[in-house]
Each structure stands twice: as C-alpha cells, then as structure tokens.
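This is what each chain is made of:
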Amino acid sequence: MIVLPGEFLDERKGRKLGKGVYEENGKVFAKVLGLSKITDTEVSVIPLSGTYLPSAGDRVIGVISTVEIAGWFVDINSPYLAFLPLGEAVEEFVDTSRVDLSKYFDTGDVIFCRIVKVTKSKNVVVSMRDMASRKLYGGVLVKVTPHKVPRIIGKGGSMIQLIKQKTKCEIYVGQNGVIWVKGENKGKAIEAILMVERESHIPGLTERVDRMLSS
Amino acid sequence: MKKDIKLLVEGKRLDGRLPDQLRPISMKVDVISRADGSAEVRLGNTIALASVYGPRALYPKFLQEEESGIVRVRYNMVPFSVDERKSPGPDRRSIELSKVMRLALEPAIFLEDFPKAAVDVFVDILQADGSTRVAGINAASLALACAGVPMRDLVSACSVGKIEGTLIVDLNGIEDNNSESDMAVAMMPGRDEITLLQMDGELNKDEVLRLLSLARENCKKIYELQKQAIREKYKSGE
C-alpha cells in the first residue's frame, strides 16, 4: 500500500525498524513516500523515488573523478564522493612516491566496485578486492532511478538475462542506478532498460519487453 | 494599494465566498520531469510551482554542515505574476519570504539523514492573488515528498485574517491589501505542530486564538488535498 511521509503505520511492539520509517512513543511512522511493508518481524517502507544514498555492501558503478596520492575519488551518482584507496584496488606493491596512480585508473575511467564502509558523516570507501569488481572498458552509461534497479534485474535476474540474451550486449547494473552497456545492439538494450524504468508498475512487463526486443 | 471598497456584502466576500470558505484548490505533482520532485498548487487565482533537487553535493565546502544537511529555498515571483510588471530577480520581500519558507519546511525534514549535502527548493509564483507564501509552502512540501526526501510529515499552510471586523480564511489579493490584519500559518497537521506563524496588523488575544483554531482546521483540509494529490499520481501503481 502507498504511504506518505508522516503516515502512521503500526505500533512497534518490539519489531525491527527497517528503512524509510521513524519511531515516536512506540508508534512507527513512514518517513518517505513509498510502499509499506509490515511483517511480524519488521516494519519498513520501500521508497518510490529519491537520490541514491550509499550503504555498505552495495555493488555500484562509479566514474573516477580525481586521482590522489594514495587512491582515487569516485563519483557514485550520490551526494557524496567515494574514496578508493590504493590498497583496495591494486594487488602489487606500489611505491607512491615514484608512481603516478593514473597508470592504473585515470579520470573518467568506469569501475564496477563494492562499497565497504560508510561512516556517520558519510565518508564512503569502495573496494575492488573481489572477483566481480573490474574496470569497464568502452560502453555507455545509463542512469535510472536507484529504486527501480530491482525491477531492471528482475526476479533472480530474469529481466536482465532476457535483455542480455536478446541483444547480445554486455550489461552491468550498479545499485546506485548507473548501468553500463556495451555491444552492437546497445541502442535496443538501453531502450529496454528505460522501458522497464518507465513502466515497472504496469503488470506483464516481461512479456512486453520480450515483444519489444523481438520486433 | 489600499482601496475604498466594501469587502463584505451581506456576510459574503467580494468573490462570493463565506468568511470561513477556502478558494477552489487544485494540486498536481511531478509536473517538471527534470526535477527530482515538483508540484503545482492553485489557490483560486494564485499559482505556485515548486521544484526540488537533491539531496545533492554542496559546494562551496564552507557551507557544509558536518552533522546535518541543509535546505536552500528560493521564492521568486515571475515578472508577469502581478498587475504591474515586477522587475525580475530577488528583492527585499522575496529574500525574506525565502527564509521564512525555509524555516517553515526545515522542522519537517530529517536533515541528519544527509550530512554535508543540500536539498534545493525553488518556488516560483506564476500568478499572484494573495496568500502566495502559503501556496508556495504547500507546493514545496508536496515536491519534497515526491523527491523522496525523508520527512516527519507533510507541511500544510493557510492564511487567515480579519476584514471589517470579521475573521476570514484564505485571503485573496484585494482582501490582503485592505485587511485589518492577516496571519500566515504553516503546520504539520499529522503531529499538530506549528512550523510558521506570522502576523501583520492588530488583533486582540481572543481573535488570535480564534484565528489559530480556524487556521488549524483549514490546514487539515489542505493536508487531505495534498495526500490525495500524491495518491492520484501513483494510483495506477498499486
């Protein structure tokens, strides 16, 4: 059900407070415009709109904005720049007093990384020390509303698999609402992604995307 | 601007309203596709258009607050909004109203959720016929909600005043210019908290209290209309 900011959801009764809610005198209210989710263990609101606010564990696509002495600042499509320390990006030993870090990543490079730390005053640290993280060469970036990302991925990745199969494109989706597309048919793939963003609330989406891509 | 006219004829106002009657109100959300959230509010002939951007990065850096975000509001009357062309750009009045509207909206927003960042609110008055600041606040709070900014409650506002000894609601342009007193009230109706209270003219204590309860009552009516406006937009989504 759609709830508005300030709307009373339920008594707390010792349950966990999820995202998008606040508590006052044992009563739980919605904080943002969204869809309420009240279960036996948790009360939360899934927002319908809003900018991306980073949280630890998210996989995001970022663009290197500046090269520093011991790392990089990365634009992750949010109000805060993320920092990528040297040790979280490069395996080998690097002598920072002699080496120019732009030989690893230069401004404008696109990376697929994971957010490892977000402090209270929103200092964000990202890391590339896992298998999935990589530098993305070529391709184009598409920005969508971050809250539509689960729709674009689909149940168990069904939607994104469909688009990948039909267009033979390479696609990476960041939870910050940035999508990277590379391939000959990227125009079609982008069209499909934007269609999902626009029409995600209308039932029968997968069939429509399928039809659009087959035509 | 004061004119010598009777504002109340046989208990009815110049536009045929009863003293405690609001003008026809219409509200629309997400009217500007490039903004994060936007809304248009019409109170009779007054039209306010609000757009919200953010939370977004805030520069220059000395404006940033370490523990909380900030809200910036700009109130602007477009040149063709009034009878005689208003010269464009900020003037003394709009700078003051920008601040007043910011103070009215700030208590409703969870600023601590986006430290070092800023939410920008732009309110443009396309057509002015009295009560522009309350129309602006109503539009701004709708736009904030649509932009997904975390809020305690929606902010609803309405103006009340006194003409020829009678207490009235929602002043239009002529009444505003000729009133004995007028008061702008903004509140979070769900929590029954007042966020803005401004008064001009002379009133006694009893009248102030009566006007306040009148304003409270009408803010609740506007609150319902605001909620309806947002629900209308997302109806197909349920």
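In this text the structure is predicted, and so the values were computed from the model without any measurement. (Residues numbered from 1 in each chain as written. Chains lettered and ligands numbered in written order. Predicted model: local features only at pLDDT ≥ 70, side-chain atom pairs only at ≥ 80, totals over all residues. Heavy atoms only, no water.)

So, the overall build of chain B
Summing up its helical and strand segments, chain B has 4 helices and 11 strands in all. In terms of C-alpha radius of gyration, chain B reaches 18 Å, essentially the compact-globule figure of 18 Å for 238 residues. On the principal axes, the C-alpha backbone points of chain B span a range of 55 × 40 × 35 Å. A burial count over chain B gives 53% of its 238 residues as buried. Residue pairs at least 24 apart in sequence account for 69% of intrachain contacts in chain B once pairs closer than 6 positions are excluded. Accessible surface for chain B amounts to roughly 11,100 Å². Of this, 49% is attributable to carbon and sulfur atoms. With 34 positive and 37 negative side-chain charges, chain B shows a separation of 3 Å between the mean positions of the two kinds. (Helix = DSSP H or I, 4+ residues; strand = E, 2+ residues; numbered from the N terminus. Rg over C-alpha atoms; globule rule 2.2 N^0.38 Å. Buried < 20%, exposed > 50% of the residue type's maximum accessible area, 1.4 Å probe, protein only. Contact = heavy atoms within 4.5 Å. Areas by Shrake-Rupley, 256 points an atom, 1.4 Å probe, with all protein chains shown as cover. Lys, Arg positive; Asp, Glu negative; His and termini not counted. Charge placed at Lys NZ, Arg CZ, Asp CG, Glu CD.)

Structural notes on helix H1 (residues 92-105) of chain B
Taking 1.5 Å as the rise per residue, H1(B) with 14 residues should run 20 Å; its terminal C-alpha atoms sit 20 Å apart, in good agreement. Inspection of H1(B) places Ser94(B), Leu97(B), Ser98(B), Val100(B), Met101(B), Ala104(B) and Leu105(B) among the buried residues, and these make up the whole buried set. (Expected span 1.5 Å × (residues − 1).)

Comments concerning the sheet that holds strand S6 (residues 70-77) of chain B
Strand pairing in a sheet is mediated by backbone hydrogen bonds. Such pairs are either parallel or antiparallel. Residues and elements named next belong to chain B. With respect to topology, 5 strands assemble into an open sheet ordered S3-S4-S5-S7-S6, the strand pairing being mixed. With partners counted over all chains shown, the strands left at the sheet margins are strand S3 (25-29) and S6, one partner each. Put simply, the sheet's adjacent strands are angled 15° from each other on average, direction ignored. Examined bridge by bridge, strand S5 (residues 46-57) and strand S7 (residues 117-127) share 9 bridges and lie antiparallel to one another. Bridge pairing in S7 places Ala57 opposite Ala117. Against the sheet, H1 touches S6 and S7, its axis set at about 140° to S6. (Pairing = 2+ DSSP bridges. Axes fitted to C-alpha atoms, helices over the stretch in contact; angles between N-to-C directions.)

Details of helix H2 (residues 132-146) of chain B
All names here are of chain B. The terminal C-alpha atoms of H2 lie 21 Å apart, and with 15 residues this matches the ideal 21 Å at 1.5 Å per residue to within 8%. Burial runs high along H2: 14 of the 15 residues are buried. Looking one or two residues beyond H2, the residue adopting positive phi is Gly148, at roughly 75°.

Looking at the packing of aromatic side chains
By the definition in use, this model includes 8 aromatic pairs over all chains. When the centroid spacing of 5.1 Å and the interplanar angle of 75° are considered together, the rings of Trp72(A) and Phe105(A) count as edge-to-face. Placement of Trp72(A) in strand S9 (residues 71-75) and of Phe105(A) in the loop between strand S10 (81-85) and strand S11 (110-118) is noted, with a sequence separation of 33 residues between them. Residue classification places Trp72(A) among the buried positions, given a relative accessible area of 0%. Assessed through its relative accessible area of 7%, Phe105(A) is described here as buried. Ring geometry for Tyr53(B) and Phe122(B): centres 5.8 Å apart, planes at 70°, overall edge-to-face. (Phe/Tyr/Trp six-rings, centres within 6.5 Å; stacked < 30°, edge-to-face > 60°.)

What to know about the pairing of strand S8 (residues 156-163) of chain B
All names here are of chain B. A large share of S8 lies buried, amounting to 8 of its 8 residues. What you see with S8 is no split at all: Ser156, Cys158, Val160 and Lys162 on one side and Ala157, Ser159, Gly161 and Ile163 on the other are buried throughout. Pairing of S8 with strand S10 (residues 181-188) involves 7 bridges; the strand directions are antiparallel. Bridged to Val160 within S10 is Met183. Relative to strand S9 (residues 166-169), S8 runs antiparallel, the two being bridged by 4 bridges. Within S9, the position partnered with Lys162 by the bridge is Leu167.

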